[in-house]
Each structure stands twice: as structure tokens, then as C-alpha cells.
Amino acid sequence: MPINNILTLYSKLSTRRKWQFFMVFGLMLIGAVAEVATLGAIVPFLAILSGKTGGGTCKIPLIPCDLSLIEASLLFAAIAFIATLLRVTLLYVSNRFTFALGGDIGNEIYRRVLLQPYKYHIARNTSEIIGGINKVNVLVQQVINPLVQGFVSLIMVLAILVALLQVDAVTAGVAMLTFSCLYVGASIFSRRTLRANSSIISHRESLRIQAIQEGLGGIRDVIIDNTQRVYSNRFSQLNSQQRRAQATNSFIRTMPRYVIEGIGMMLMIVLAWWVSREGGLAEAVPVLGVLALGAQKLLPQLQQVYAAWASISGNQAVIDDVLTLLNQEIPADNALAIEKQNKAPELHNNVLISLCDVSFAYSPDGPQIMKGINLSIHRGETIGFIGKTGSGKSTLIDLVMGLLEPTHGTVEIEGTPLSGHNRRRWQTRIAHVPQTIFLSDASIAENIALGCDPSSIDMNRVEQSVKKAQLSHFIEGLADGYKTKVGERGVRLSGGQRQRIGLARALYKNVDVLVLDEATSALDDATELAIMDTIASLDDEMTVLMIAHRMSTLSKCDRIIEVEAGVIKRECNFQELMQGKSNDH
């Protein structure tokens, strides 16, 4: 992993996580000392077993050699037990740290994605965002955890090497150089393959999620059209490509271990001959024992360092994708949460919304969707918007709600330009009912009070909202009433029932601006008329903006705005609209 990526990740750590990192690092050092002590403690034990006696000290400092067999045995057993305990503790602590860090990264990415402006979300496929968030799990398991474990192993390698150099510098140096060259050679040989596979693994993750979303999201049409094979084959192809890349990377990570273990065994035979030819077997046994134990500890640690490098290299594209999401700037107006206000502030004039020469395009080089719009909306008015598909009605409403920013001109709220400083406060005064209502797989009450903690739902407000939305008779006829689960995306409800829950949700918010974007398109004429009567009877201070699906929906509007090709074609009342339609025919 490039050092700048490591520094970026470190800069994102909370103060608490940074302290935990240094604690884990300290535990690594203690564990390294314990490994050195284990190698030192075996020298007097093997020396006594081999019949070699004599005082003095070991080549490893602080380890006495003039011990009895019992003393040497107890010393070795005690140090080995402590070292094992430290390694287990270090493994537990480092894993807890890395997965907690992964949780922090996932939480921060999701927070930053949610705080992005509406324009950001409509420009992206949700599978890209979900795939990016899911890659945090890959980052934890295949990058952060191997990185921490590899760092632990590197410290252990250095500690063990220092200990072995104290015993026999030439032998330990030759062995370490041989093993290191083998791993470096494997790294150079496999680097390009790992990088290529990392791109495959990262890119296929988003496409797999997209294939799942499209297949399950349109399951009714998939079943009716008998296209299960198409979606299944698409997912299978993407899945197979990703798994093959992962399998190759896994092989590259593991393969050198077996090759080097075989070479290591042959090398030990050569070292045994080399050591024993100078001083005889009795002299060689303690040294060979330390070297054998050192090799037994060293090789797995070297393999862990290499595997960490291979895992990180094989997921470099995942790292880049996650860091891109993690480094997203949070818009200034979303950086701080603003307390919701259920009541509008005192108004000094009757004009609530003003659009002054407003134009909008989704990109600098793209076509203008809205062109020089000038419009004033007074507090308490009910305004209808009509126009053909693609005329710009929904874009105009999105500009009014502050979801989109004009590329030219200004939107003013009570005489103040809408900007990052007041956008969130303005949006807390709006209840929006889209044509397609989002419903979670929760109870009816939870869907009406969406975003509220279930324990804080005001059931009196829920029931009043349901009555106004003409939904009481339906809910009261259910066995579980307001606790009835609606299914994923409200699959257990009809289109009209979903729309009425959406309207009840808007009324539950108890705000002063209600926006209806073809919100009654799935209702029958009688139900729509009843709901329109309810909306007409709302507080006189309530401002209602509605995009109409049927002309009859506009009968109670104070004004009707006709939009065509991004401009306001005309303003009229309902009688003038119907008269104009009659004249057109």
C-alpha cells in the first residue's frame, strides 16, 4: 500500500483509535521481546540435555547458562507460556482494533454519502455506492487486518533475527538472506498479476450488486417475462470472473510458503553439517536447537509479511475506491445538523417563494432544463404545475425544495436567497410526496413516522394523519392494525395504499409546505377527490405545490402554472385551463 494511502487512513482515525493503535504497537514490542526470550531460554535447556556443562552466560543477554536441568526446564516453560499468552492477546487485540477501525470507516463513508447533495445521487447508480460501502468489508479483511498482522510479523522477524545473530551470525545471516531473496523474487514475479486482479475484483463487485438489484427489484416483470435465466447468467458471469481473480490472488499469497519450507528443510541439513563439523555434536546441539526453533518461528512470520503484501497489492483498486468515498467533501450546509422546526418563523411579507431569472443545467456543457424562470408563490397558496413529460416540472420543484441549485439566477425564501446557510432550515419546513413512495420493510406506523425512533412515535398524530389520507378504514381492517408489516418496498400494498401512506407521512411531519409530485396518480377518482378536499381544508398557512396527473386534481388550485420546454408557458386558474383545453379541441 502506498505510504500516502496509509497516511490518509491514519488521518481519518479518531483520537481514541490513535491511542489504541499505539497501545497495540506497544504490545507488539512486548511480544517481540518475549520471542527473543523464548529462543534464549532454550539454550541452557539444550546444553544440559546434550551433556554440555559450564557456567557463564548465553550469547543472548540476560539468559544464564549455569542452570540445573530443572531450573532450565522451568525457565523455558515459563517463558514459552508467557510468550504464547502475549501472542494470543496480541492477536485478539489487533483483530478487535482492525475490525473496529473498519466499522469507523464504513460509518464515515455512509455518513458522507448521505450528506452529499441531491445532484450527486441522481448522477450515480446506487449499486456503485452500495458496492463502495461493501468494499469496506474487503478493506478490513484483505487490507487492514493483513497490514496490521504483517506489521506484527515484521517486528517479530526482526526480533528473532537479532536473537539468531547473537547465537550464530553467519548461519543466521545466510538463512535470512536466502529466505528474503525467495520472497522478494516471488513478489516481483506476481506483482503485475495481483494488480490486474485487484481491478477485476473491485469493478465486478459493483456490477454484481447491480445485477442483484435489477433482478430482484423488478421480480414481477422477471417472472412474467420468464427472464430469470438472463439475470442469473449475468450474475454468474460476473461472479465467476471475480472468484477466479480472488482464487489466483489467494494462490499467489500462499504458494511461496510450501516452496520455502522445502528449501528451508534442505538448508537446515546443510547448516547442521556446517555447525557440527567444527565442534562435534555435543557442541552443535544447543546451536542447532536454537536455529531450528528460530526457523520454526521465523518462516511463518516471513510468510505473513509476504501474504500481507500480496493481499494489499491484490486489493489496491478496492483501497482506491474506498478512499475516494472516504475523502468526499461534505457540503458546508450539511456539515452541521440543524435542529428541526415544526413551526415556521414569523414572516414579514406574504411572498414565501420567489424564483428570479432561474436557469438550470445538470452539467456545464449540458442542455438547459430550466430557462429564465420568474415566479412568486405566496404563503397559503395552492399552486398546480402541469406540462408534458420532460417539460421541466419536477426539476422546477426540486429547485424550489433546494435539492438542486440554479446555474443562473436565485431562489429566494421570504426574500432571502436560498444558499448553504439556510437550505437545511428551509427543507425542514417541507413535506414531499413523490409519485413512487419509498417504504421500508417495517410496520405501517413506522413508515408513516419514517426516520423516527419507534419508541418516540406519536400514535395520535399517526392516526390523525391516516384519517386525512383516507386510509383509516383499510388499517382498521388489518389484524395487526398499525403494526402490520408492509414488506420490502411495500410489496404487500397496492399502489394507491402506498401513495396514501406517503401522504400520511407528509401530514405527520406537520410542516407548512406540502409538495405533491403526482402523488395521487394511483388513486381512484373518489379517493383522490376526498384527499383533495382534505388538503383544501388544511391550515390556511399551508402552502401546497402539486404536479398533477389528472386535470381534476387541479380543481382546487389557486393558480395553475403550465411548463413547456423549461419555461413557464402561462399562468391561469382551473376554469381558464379547462376553457383553454376545450378551445384546443
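Residues numbered from 1 in each chain as written. Predicted model: local features only at pLDDT ≥ 70, side-chain atom pairs only at ≥ 80, totals over all residues. Heavy atoms only, no water.

## Quick notes on the overall build of the chain
Phase 1 of the analysis: Helices and strands together make up the secondary structure of the chain, namely 17 helices and ten strands.
Phase 2 of the analysis: Within the chain, buried positions represent 44% of all 585 residues.
Phase 3 of the analysis: Sequence-distant contacts in the chain: of pairs separated by 6 or more residues, those separated by 24 or more amount to 76%.
Phase 4 of the analysis: Accessible surface for the chain amounts to roughly 30300 Å². Of this, 58% is attributable to carbon and sulfur atoms. (Helix = DSSP H or I, 4+ residues; strand = E, 2+ residues; numbered from the N terminus. Buried < 20%, exposed > 50% of the residue type's maximum accessible area, 1.4 Å probe, protein only. Contact = heavy atoms within 4.5 Å. Areas by Shrake-Rupley, 256 points an atom, 1.4 Å probe, with all protein chains shown as cover.)

## Here we look at the sheet that holds strand β4 (residues 408-413)
Strand pairing in a sheet is mediated by backbone hydrogen bonds. Such pairs are either parallel or antiparallel.
Phase 1 of the analysis: Strand order in the open sheet made by the four strands is β2-β1-β4-β5, with antiparallel pairing throughout. Of all the strands in the sheet, just β2 (368-378) and β5 (416-417) have a single pairing partner and so form its edges.
Phase 2 of the analysis: In terms of strand pairing, strand β1 (residues 351-361) meets β4 through five bridges, oriented antiparallel. Each residue of the ladder has a partner; that of S354, found in β4, is E412.
Phase 3 of the analysis: In this fold helix α10 (residues 393-400) packs onto β1, β2 and β4, with an angle of close to 125° to the strand it touches most, β1. (Pairing = 2+ DSSP bridges. Axes fitted to C-alpha atoms, helices over the stretch in contact; angles between N-to-C directions.)

## A short note on the packing of aromatic side chains
Phase 1 of the analysis: Overall, the coordinates contain six aromatic pairs when judged by the stated rule.
Phase 2 of the analysis: Geometrically, the ring pair formed by Y183 and Y306 is tilted, given 5.4 Å between the ring centres and 40° between the ring planes. A residue pair is termed long-range when its members are at least 10 positions apart, and Y183 in helix α6 (residues 169-217) and Y306 in helix α8 (residues 228-313) qualify at 123 residues. Exposure class is identical for Y183 and Y306. Each is buried.
Phase 3 of the analysis: Taken together, the ring pairs connect F21, F22 and F97 into an aromatic cluster. (Phe/Tyr/Trp six-rings, centres within 6.5 Å; stacked < 30°, edge-to-face > 60°.)

## Re a nonpolar patch on the surface
Phase 1 of the analysis: Together, I3, I6, L7 and L147 make up a nonpolar patch on the protein surface, roughly 340 Å² of accessible area in all.
Phase 2 of the analysis: Considering every element that reaches the nonpolar patch, the biggest residue donor is helix α1 (residues 3-11), with three residues.
Phase 3 of the analysis: Inspection of the secondary structure assignment puts I3 in helix α1. (Patch = residues over 30% accessible without salt bridge, like charges linked within 9 Å, V, L, I, M, F, W, Y side chains within 5 Å. Salt bridge = Lys/Arg side-chain N within 4 Å of Asp/Glu carboxyl O.)

## Re the sheet that holds strand β3 (residues 382-386)
Phase 1 of the analysis: On the basis of which strands lie adjacent, the open sheet formed by six strands has the order β6-β7-β8-β3-β9-β10 and mixed pairing. The open sheet has two edge strands with one neighbour each: β6 (430-433) and β10 (567-572). Sheet twist, expressed as the mean angle between neighbouring strand axes with direction ignored, is 20°.
Phase 2 of the analysis: Here five bridges tie strand β9 (residues 559-564) to β10, and the two strands are oriented antiparallel to one another. Within β10, the position partnered with V563 by the bridge is I568.

## Considerations on the packing of helix α13 (residues 459-468) against helix α15 (residues 495-508)
Phase 1 of the analysis: One way to put it is that α13 packs onto α15 with a least axis distance of 8 Å and a crossing angle of 130°. Here α13 is positioned oblique relative to α15, judged by the angle of their axes. The handedness of the crossing between α13 and α15 is right-handed. Here R461, V462, S465, V466 and K468 of α13 lie close against α15, whose contacting residues are A504, L507 and Y508.
Phase 2 of the analysis: Here the residues of the contact of α13 with α15 sort into five nonpolar, one polar and two charged. (Parallel < 35°, antiparallel > 145°, perpendicular 65-115°, else oblique. Left-handed = near helix turned anticlockwise from the far one by under 90°. Nonpolar A, V, L, I, M, F, W, Y, C, P; charged D, E, K, R; others polar.)

## Overview of the nonpolar core
Phase 1 of the analysis: In this structure, L514, L516 and L554 are the most contacted members of the largest nonpolar core, which totals 43 residues.
Phase 2 of the analysis: For this core, the secondary structure elements donating two or more residues are β6, α12 (444-448), α13, α15, β7 (513-517), α16 (525-536), β8 (543-547) and α17 (574-584).
Phase 3 of the analysis: Looking at this core element by element, the count peaks at six residues for α15.
Phase 4 of the analysis: L554 has contacts with G384, I386, M546, A548, I560, F574 and L577, leaving out every residue within four places of it along the chain.
Phase 5 of the analysis: Among the nonpolar cores identified, the runner-up in size contains 34 residues, and A32, F97, V143 and L326 belong to it. (Core = buried A, V, L, I, M, F, W, Y, C linked by side-chain atoms within 4.5 Å.)

## Here's the deal with the pattern of salt bridges
Phase 1 of the analysis: Inspection of the entire model under this criterion finds 13 salt bridges.
Phase 2 of the analysis: As a salt-bridge pair, E214 and R234 come within 2.6 Å of each other at their nearest N and O atoms. Within this pair, whereas E214 is found in helix α6, its partner R234 is found in helix α8, the two being separated by 20 residues in sequence.
Phase 3 of the analysis: Taking the shortest distance from any N to any O, the salt bridge between R559 and E571 comes out at 3.0 Å. Linking R559 in strand β9 with E571 in strand β10, this pair joins segments that are twelve residues apart in sequence.
Phase 4 of the analysis: For R559, a relative accessible area of 17% puts it in the buried group.
Phase 5 of the analysis: Its relative accessible area of 42% is what places E571 among the partly exposed residues.
Phase 6 of the analysis: The structure contains a network of salt bridges with shared partners spanning E108, R111 and R112.

## Some details on unusual backbone geometry
Phase 1 of the analysis: Positive phi, normally seen in glycine, also occurs at E414, with a value near 55°.
Phase 2 of the analysis: As for its position among the elements, E414 is in the loop between β4 and β5.
Phase 3 of the analysis: Positive phi values are uncommon outside glycine, yet N510 reaches one of about 55°.
Phase 4 of the analysis: Within the secondary structure layout, N510 lies in the loop between α15 and β7.
Phase 5 of the analysis: Under the relative-accessibility criterion, N510 is labelled partly exposed at 40%.

## Points about helix α9 (residues 316-326)
Phase 1 of the analysis: Within α9, eight of the eleven residues are buried, which leaves the element mostly enclosed by the surrounding structure.
Phase 2 of the analysis: Looking at α9, one finds that the buried residues are Q316, A317, V318, I319, V322, L323, L325 and L326.

## Quick notes on the pairing of β7
Phase 1 of the analysis: For β7, the buried fraction is high: five of the five residues fall into the buried class.
Phase 2 of the analysis: Where burial is concerned, the two faces of β7 agree: the one with V513, V515 and D517 and the one with L514 and L516 are both buried.
Phase 3 of the analysis: Pairing of β6 with β7 involves four bridges; the strand directions are parallel. Across the sheet, residue V433 finds its bridge partner in β7, namely L516.
Phase 4 of the analysis: In this sheet, β8 lies alongside β7 in parallel orientation, the contact comprising five bridges. Bridge pairing in β8 links V515 to L545.

Functional significance is not addressed by these values, which are geometric in nature.
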